[in-house]
Every structure is written in structure tokens, then in C-alpha cells.
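Structure at a glance
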Amino acid sequence: MFVGPHVDIQGVVTEGFEPVRDAFVRNFEVLGDRGAAVAVYRDGRKVVDLWAGTKDADGTEPWTEDTAQIVRSATKGVAAAVPLLLHQRGLMDLDAPVGSYWPEFKTGGKERILVRDVLAHRAGIPALDRGLSAAEAADGVSGAHAVAAQRPFWEPGTEHGYHAQTYSWLLSELVLRATGRTLGCVLAEEIAEPLGLEFWIGLPETETHRVGRVAPVEPPESAGMLRTRPRRNVSEAYADPASLTRRAFAAIDPLPDENAPAYRAAELPASNGVGTARALARFYGATIGVVEDGARIFTPATTALAAREHSAGPDRVLVVNTRFGAGYMLHGPASPLLSPASFGHPGRGGSLAFADPEAGIGFGYVTNALAKSVTADPRAQALVRALKSALSAL
């Protein structure tokens, strides 16, 4: 146990990675974390596994070793492993039209959208003409019907824009049509269970007791210069109800209660994955190599595919320059990771998970204190900088 002036840090740190522990302490003392965990794998071996604070953002029960949290869009990176694994096994062709698996999708100018376009946010369907209710979003049917009927907002394949919510129904239906199983089922049976990952898309009732409540927070005054304003065009896009930005995030309208058992039990691969930082770090470690007990997910060819740039430049939804591989956000100014070789995914409000094949790193950070950040939370970035510092000194 490591004791800071205001927070008890539980867990272990391998010698040389103490800067990550120090940054984690500072996240509570200065940057407003309430309950969080961070884990790092290096060359398949766990070198950081820390947790602190309270299980609920607005509670007093302590965060424990097995506490899990919803990770919002960090779910997308885990979910993307399912179609990539199917591709690796010859069960899904990334260059096939989506409609070859899902005939009802071939309407309204979507006939030429490829599976690869969906993974790289190039499908042109980031929003819906009518937002779905939380019940519709979670029922496993309405979302697929809505994206199949939706006309694209741009010519598919020519530009990219973050599919914040519609990614759920696009990916879910593709996997269902290709395998006859839900994405959450394939993830559990083919990835999570074999690797011993405490991560779920579709939280089982047996695991609800370990999941903490998330809540929005404002950064404290002690964060100082980190209380910065977003660029005007970005803030205007989020404020304008008619903008593609607002409409993309409002594809579920009104926004769901992320602490509701029904929401957590649903399978929404864009947004409602639940897991531990340890699971995320181990997952990403297994995408780039062999982890402790000999398990791995991707072949080297699939790892290269995940990290290969498919989309880059102005993002029609996020209104900044972004980069995407096949299902993964890549390192860049909008979402700094460890190095240009990194691939992974942030979660709006704080969570972050990624792999760096050159450094042999799998990284996971989860929090119950949801800030206003979208792709570059100050707490997660502080941990990444600390990890970079530790690696440079080894």
C-alpha cells in the first residue's frame, strides 16, 4: 500500500514504474479523481496495477481490487477485436460490402459501404434522423433497423467522422449476421474467457455487485491551467442542436442512465463496456504479443492491420483532426497516446486504453469521475506522460 497525503493507493508497481504511481496519486490530489484504477503490461508482464478512492463517484465504499466501471467509448477498441478476430480466422472480409452480410443495409446510397469503412468511421452514418430511446437502443433490434434505413450524411468512404453511438448497431449487426451470435457473446467466449479478462459488453447479473456508480464532475480549482476552454468551433459544434456533432452523440435521446442495470446489461459496443483497468491493459497486451500465460489475440498481421491508418484529417463529427485504424483511434494531437505506433481508444469523460507494439505496452485507465473531456482527459494524459518518462529511464 502506498499512502499519499490525501489518498491511499492500493496495488503494486514494478521497480522503475514509480512515476506512474506518482501521477496516479496526483490525479486524486490535484485533478479531481474520486475512484480510479490504472494498469500497465510490458512485454506481456504486468508491471503496474493500482487502484484508489471510492467505488461510487458519489459514495464512500472503497474501490477494491475487483471493482469494475463502465468505460464509455473505450469499449469501441475492445469491440473492434471481434470483427478483426473473425477476419483473422477467414470468417469476415473487411473489404466486402456490409450488405453482403446484411442485405437490408443496401439502401439509400449505402450499397458500397465496406466493413472496413465501418471500422474506420467512414460509413457516413454517425447520426440518425430520429434518435432512439434508451429502451430502443438496447433492445437489439431497433438500432439495426434505424441504421439500415438511414441515408448517409456524406458519400461513404470519402471522408470520416466519429460514429459515437451508431457504431454500436453497425458492428453488432455485422457480427450477428456473420456468426449468428451477438458481439458480446463472441467477445466473452472467444476473447474474455480464454484470456481471463474481467470485461463485458452486456454485463451479466452475476457481476453487477462489483460495478461502481459513475457521475459527472467538474475539475477542481487546484487543476489550475487545466481548466481550459475548447476551441470556439468545437464548443459551437457541441452547443448547436442541429450540428452533426450534437446529433451523433444524441443518437440515443435522451441520454441513458449509465448506472441503470438495464443499460449495463445491454450490448452497446460503442459505449457500455464494463471492466477493470487490469483487463484493459491485459487485453491490449494480448493484441500485440503473448501475455503471461501464453495467451494472445492477434497474429502480427492483424496487429499491423489494427494500427494501420485508415482515416486521417478533419473529423466531420469531432471537428478536430483525428486518425483511425481498423477500429482503433491512433496517436495524434486530438488523442495523444504513447507514441505514433500506439493504437487504442479513449472513453468520453476519462477512461483510456491502448497498445504500443514498439514499446510492448498494454495500458488501461478507468475512472468513475466523468469529466467533460472527449478524447484527451488530463488525468489519463498525466498517466501516459508518466509512463513515457518511466520507459525512457529504464
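Quantities reported herein were computed from a predicted structural model and do not represent experimental measurements.

Observations regarding the pairing of strand E14 (residues 361-367)
Counting buried positions over the seven residues of E14 gives seven, a clear majority of the element. Because side chains alternate across E14, one face comprises the buried residues Ile 361, Phe 363, Tyr 365 and Thr 367, and the other comprises Gly 362, Gly 364 and Val 366, equally buried. Where strand E3 (residues 35-42) and E14 come together, seven bridges link them in antiparallel fashion. What sits directly across from Val 40, in E14, is Phe 363. Where strand E13 (residues 352-356) meets E14, five bridges bridge the pair, whose relative direction is antiparallel.

Points about the sheet that holds strand E5 (residues 69-70)
Read from one edge of the open sheet, three strands run E5-E8-E6, paired in antiparallel fashion. On the outer flanks of this sheet lie E5 and strand E6 (199-200), each paired with one strand and no other. Sheet analysis places E5 next to strand E8 (residues 274-275), joined by two bridges and oriented antiparallel. By the bridge assignment for E8, Gln 69 is matched with Gly 275.

Describing the layout of surface pockets
By volume, the second largest pocket amounts to about 680 Å³. As for the second largest pocket, its lining consists of 27 residues, and the residues nearest its centre are Arg 72, Phe 249, Leu 255, Glu 258 and Arg 348. For the lining of the second largest pocket, the secondary-structure elements that each account for two or more residues are strand E7 (215-216) and helix H9 (244-249). The residue inventory of the lining of the second largest pocket, partitioned by class, reads 14 nonpolar, four polar and nine charged.

Brief notes about the packing of aromatic side chains
Counting across every chain of the model gives 10 aromatic pairs. Between Phe 283 and Tyr 284, the ring centres sit 4.8 Å apart and the planes meet at 80 degrees, which makes this aromatic pair edge-to-face. The exposure classification of Phe 283 matches that of Tyr 284, with both residues buried. Considering the side-chain rings of Phe 354 and Phe 363, the 4.9 Å spacing of their centres and the 20 degrees angle between planes classify their relative orientation as stacked. No difference in accessibility class separates Phe 354 from Phe 363, as the two residues are buried. The structure contains a cluster of three or more aromatic residues connected by ring pairs, namely Tyr 162, Tyr 238, Phe 249 and Phe 324.

A word on the pattern of salt bridges
Pairing of side chains with opposite charge becomes possible as their charged atoms draw close. In total, this model carries 23 salt bridges according to the counting rule given. In this structure, Glu 190 and Arg 89 form a salt bridge, with 3.1 Å as the shortest nitrogen-oxygen distance. Of the two residues, Glu 190 is situated in helix H7 (residues 183-195) and Arg 89 in the loop between helix H2 (75-88) and helix H3 (115-119); the sequence distance between them amounts to 101 residues. For Arg 89, a relative accessible area of 46% corresponds to the partly exposed category. In this structure, Arg 210 and Glu 198 form a salt bridge, with 2.8 Å as the shortest nitrogen-oxygen distance. Here Glu 198 lies in the loop between H7 and E6 and Arg 210 lies in the loop between E6 and E7, a separation of 12 residues in the sequence.

A short note on the environment of Ile 361
If you trace the backbone, Ile 361 turns up in strand E14. On the basis of relative accessibility, which here comes to 0%, the residue Ile 361 falls in the buried class.

About the cut-offs
Residues numbered from 1 in each chain as written. Predicted model: local features only at pLDDT ≥ 70, side-chain atom pairs only at ≥ 80, totals over all residues. Heavy atoms only, no water. Buried < 20%, exposed > 50% of the residue type's maximum accessible area, 1.4 Å probe, protein only. Helix = DSSP H or I, 4+ residues; strand = E, 2+ residues; numbered from the N terminus. Pairing = 2+ DSSP bridges. 1 Å grid on protein atoms, 1.4 Å probe; cavity = no way out; pocket = protein on both sides within 12 Å on 5 of 7 lines; lining within 4 Å. Points joined across faces, edges and corners; volume = space filled by probe spheres on them. Nonpolar A, V, L, I, M, F, W, Y, C, P; charged D, E, K, R; others polar. Phe/Tyr/Trp six-rings, centres within 6.5 Å; stacked < 30°, edge-to-face > 60°. Salt bridge = Lys/Arg side-chain N within 4 Å of Asp/Glu carboxyl O.

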